[in-house]
Amino acid sequence: MNITIKKFFILSALLLLSIYAILIFYIIELDKINASLQSLQNSSFKMSQKADELRQSSDDLTRFARTYVITADPLYKTQYFTILDIRNGKAKRPFEYEGIYWDLLEPKRSQLHPQNDPISLEVEMKLLPYTEYEFSRLKEAENQSNKLVNLEVQAFNAMIGLYIDDKGNYTLHKEANQDLAISLLHSEQYHLAKQSIMLPINYFLSSLSKRITQDTQELQEKTRQLFKKIFALIALDFFLFLLTMYVISKKVLSPISKITTMITKIKQKKEIYKSKFYKDEIGFMAEEFYTMHERIQDDHKKLQDLANIDELTGIYNRRFFFDVSNKILKSAYRNDQKVSLLIFDIDNFKSINDSYGHQIGDSVLQHLVGTISARLRQGDVFARYGGDEFVILLQDTNLEVAFEISKSLCKTVKDKVFAYDKLVHIPISISAGVSEYRHPYTDLKSLIKSADIGLHQAKREGRNRVVQN
């Protein structure tokens, strides 16, 4: 398993992206299938609804025709022809006409079913996705219903004594015959005609049911297949997750743990031994670490001899400060340049140590050094003089400017409250003394002594201030 970590994670990421892209595609396909199912169910309902409307209109025609010949009430004859006109698109179609309509009485009927624009039942059926066979069956039923109208019209005319001549026209006037009208609408011929209407509707419903069932099953099968693929992708994704966790453990966490152990042993000055790593980024880092450690061991003594930095604060120590400052003063003397020195310490630092412990006291020193360092110029020499006492050599700076710089540093320290672990907040301040490199202070020690006098005077005057001397 010497594949690099970078290459492994790139391959894993590409595979994951591919899986997610395919999952998104399958989810979109599922949504399309769901939309198709809903559309299929909606279309099936509407097509069945129109077939039922055709059946219902035929039954309503029969009911009103028979009622008329029995009661001779012209209202039923009017309603009969209204049904025909609505079906043929000659009269306005009521709202939700396919529901309960003719069984309601006025005015409730018109209140619940306001009039819409006229449209024939045939036109409405053409707007729906019938098969050619299904549409032909409904059209056949409608044609048979229209044929039955001829028999019903014959009964209507018998009610007023009008009969068919040899040419098939209603021109013969005789005595009205209600019994004939009733017998015509209850004859075997009439029942056979009704059957010829209902049989095509029955065939249509059977065909539609089979087609919708088959289409639904096909869509459901597609859904099942998609779910199988989705579950397979989820399983692959889970396997990839486990593989990634395994690789992370073997190639990242375990090597880091070994390196951490080596670092701890080095800190404890214990001997370390080389461990075997994979040939990847961390393995390379470990090899470099071993090489670096060996070099550090070889150079440790030299580094100790050359150490110029205060271990706690990270700034120059006293010895190095004297070395550098003496050179600067000599150069300033030769070039007639102004040099000033600032010496300061933390007010009541002993109380901080006594109250919070030396660990926090050390953190306060580090905080102070960070705050001061951020405000110093590139050529200023900043060093820890001892304990909580610090010195700054300000090049090309006269006493007045040094005094202003010192006051600014005091304010900065005062404004920036020390915080430890977000729980301990300690306001700190400094007192400082400033002196300038001039007669009689012609060497570093006398310059420090002069500034130190100013520091003690600042302490006596109340602390958190600067005194120039």
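See the structure shown above.
Because the structure is predicted, anything quoted here is derived from the model rather than measured.

A. Expanded view of the overall build of the chain. For the chain, the count of helices and strands is 13 helices and 9 strands. Relative to the globule expectation of 23 Å for 469 residues, the C-alpha radius of gyration of the chain, 53 Å, shows a markedly less compact shape. Across its three principal axes, the chain shows a C-alpha extent of roughly 155 × 60 × 45 Å. In the chain, buried positions account for 39% of the 469 residues. With the model as given, the accessible surface of the chain reaches about 27,800 Å², and the carbon-plus-sulfur share is 56%. Here the chain contributes 63 positively and 58 negatively charged side chains, and the mean placements of these two sets differ by 8 Å.

B. Quick look at the packing of aromatic side chains. A full pass over the atoms with the stated rule returns 20 aromatic pairs. Aromatic side chains Y80 and F156 sit 4.8 Å apart centroid to centroid with 85° between the ring planes, which places their arrangement in the edge-to-face category. Of this pair, Y80 sits in helix α2 (residues 74-87) while F156 is found in helix α5 (residues 132-158), placing the two residues 76 residues apart along the sequence. What makes F156 buried here is its relative accessible area of 1%. Cluster of aromatic residues (ring-pair linked, three or more members): F64, Y76, Y97, Y101 and W102. Positioned over the ring face of F64 is R63, at 4.7 Å from the centre of the ring.

C. The arrangement of the pairing of strand β8 (residues 430-436) in detail. The buried count for β8 comes to 7 of 7 residues, which makes it a mostly enclosed element. Side chains I430, A432, V434 and E436 of β8 all project onto a buried face; the interleaved residues S431, G433 and S435 project onto the opposite face, where all are buried too. Examined bridge by bridge, strand β3 (residues 339-346) and β8 share 7 bridges and lie antiparallel to one another. Each residue of the ladder has a partner; that of F344, found in β8, is A432.

D. Structural view of the side chain of D310. Topologically, D310 is positioned in the loop between α8 (281-306) and α9 (318-335). Side-chain polar atoms of D310 contact the side chain of T313, separated by 2.7 Å. One polar contact links D310 to R384, side chain to side chain, over a distance of 3.3 Å. In this view, D310 contacts I315, Y316, N317 and R384; residues no more than four positions away in its chain are not counted.

E. Region of the structure containing the sheet that holds strand β5 (residues 389-395). Sheet architecture is open: 5 strands sit in the order β4-β5-β3-β8-β9, paired in mixed fashion. Only two strands of the sheet have a single neighbouring strand rather than two, namely β4 (381-386) and β9 (466-468). Sheet twist, expressed as the mean angle between neighbouring strand axes with direction ignored, is 20°. Here β3 runs beside β5; their pairing, made up of 7 bridges, is antiparallel. Paired with D345 across the two strands is E389, which belongs to β5. Along the sheet, helix α11 (residues 358-373) makes contact with β3, β4, β5 and β8, crossing β3 at roughly 150°.

About the thresholds
Residues numbered from 1 in each chain as written. Predicted model: local features only at pLDDT ≥ 70, side-chain atom pairs only at ≥ 80, totals over all residues. Heavy atoms only, no water. Helix = DSSP H or I, 4+ residues; strand = E, 2+ residues; numbered from the N terminus. Rg over C-alpha atoms; globule rule 2.2 N^0.38 Å. Buried < 20%, exposed > 50% of the residue type's maximum accessible area, 1.4 Å probe, protein only. Areas by Shrake-Rupley, 256 points an atom, 1.4 Å probe, with all protein chains shown as cover. Lys, Arg positive; Asp, Glu negative; His and termini not counted. Charge placed at Lys NZ, Arg CZ, Asp CG, Glu CD. Phe/Tyr/Trp six-rings, centres within 6.5 Å; stacked < 30°, edge-to-face > 60°. Lys NZ or Arg CZ within 6 Å of the ring centre and 35° of its normal. Pairing = 2+ DSSP bridges. Polar contact = N/O pair within 3.5 Å; in protein donor to acceptor, adjacent residues only side chain to side chain. Contact = heavy atoms within 4.5 Å. Axes fitted to C-alpha atoms, helices over the stretch in contact; angles between N-to-C directions.

Note that all results are geometric; they support no functional claim without further evidence.
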